[in-house]
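Here are the chains, one letter per residue:
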Amino acid sequence: MIKARLHDRTGAPVILLGLSGENVTRLMADEPIKINLAELGIPGLTVTLIAGRTEADIVARLEQHFGPLPFTCPRCRKTSHHPDDKRHGYCANCHTYTGAPTP
């Protein structure tokens, strides 16, 4: 894996992650790849890469490795950790159903 911290033409920071064939094979085998960005001088942040054919597939794989994911409202971007909110796509901040229900 190639990891580098660069800057774009405007001077904004860019993180470059290059996956080799070995890492792509790991992703295809449902093995997540964790990258600690502190190695690049960005403290307190770890990135996890995981592959899937659809977003639902990726969410299922993430939950398999990390437990239930929170529900984030697509309208107001508030996050709920209550499993019923996620299950029904309900946003308590908007007081309406704003997300797709999950099985």
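Rules used in this analysis
Residues numbered from 1 in each chain as written. Predicted model: local features only at pLDDT ≥ 70, side-chain atom pairs only at ≥ 80, totals over all residues. Heavy atoms only, no water. Salt bridge = Lys/Arg side-chain N within 4 Å of Asp/Glu carboxyl O. Helix = DSSP H or I, 4+ residues; strand = E, 2+ residues; numbered from the N terminus. Buried < 20%, exposed > 50% of the residue type's maximum accessible area, 1.4 Å probe, protein only. Lys, Arg positive; Asp, Glu negative; His and termini not counted. Contact = heavy atoms within 4.5 Å.

Colleague: Looking at this structure, I do not really get the pattern of salt bridges. What am I missing?
Modeller: Side chains bearing opposite charge may pair, as long as their charged atoms lie close to each other. In this structure the tally under the stated criterion is four salt bridges. Notably, a salt bridge pairs Arg 61 with Asp 30, separated by 2.6 Å at the nearest N-O pair. Linking Arg 61 in helix H2 (residues 55-66) with Asp 30 in the loop between helix H1 (21-28) and strand E3 (33-36), this pair joins segments that are 31 residues apart in sequence. Here Asp 30 falls in the partly exposed class, since its relative accessible area comes to 30%. The network of salt bridges with common partners includes Asp 30, Asp 57 and Arg 61.

Colleague: Could you clarify how one ought to interpret the side chain of Asp 85 in this entry?
Modeller: Following the sequence through the fold, Asp 85 ends up in helix H3 (residues 83-88). Nearest to the buried, unbridged Asp 85 among oppositely charged side chains is Arg 87, at 8.8 Å. When near neighbours in sequence (up to four residues on either side) are disregarded, Asp 85 contacts Phe 71, Ser 80 and Tyr 90.

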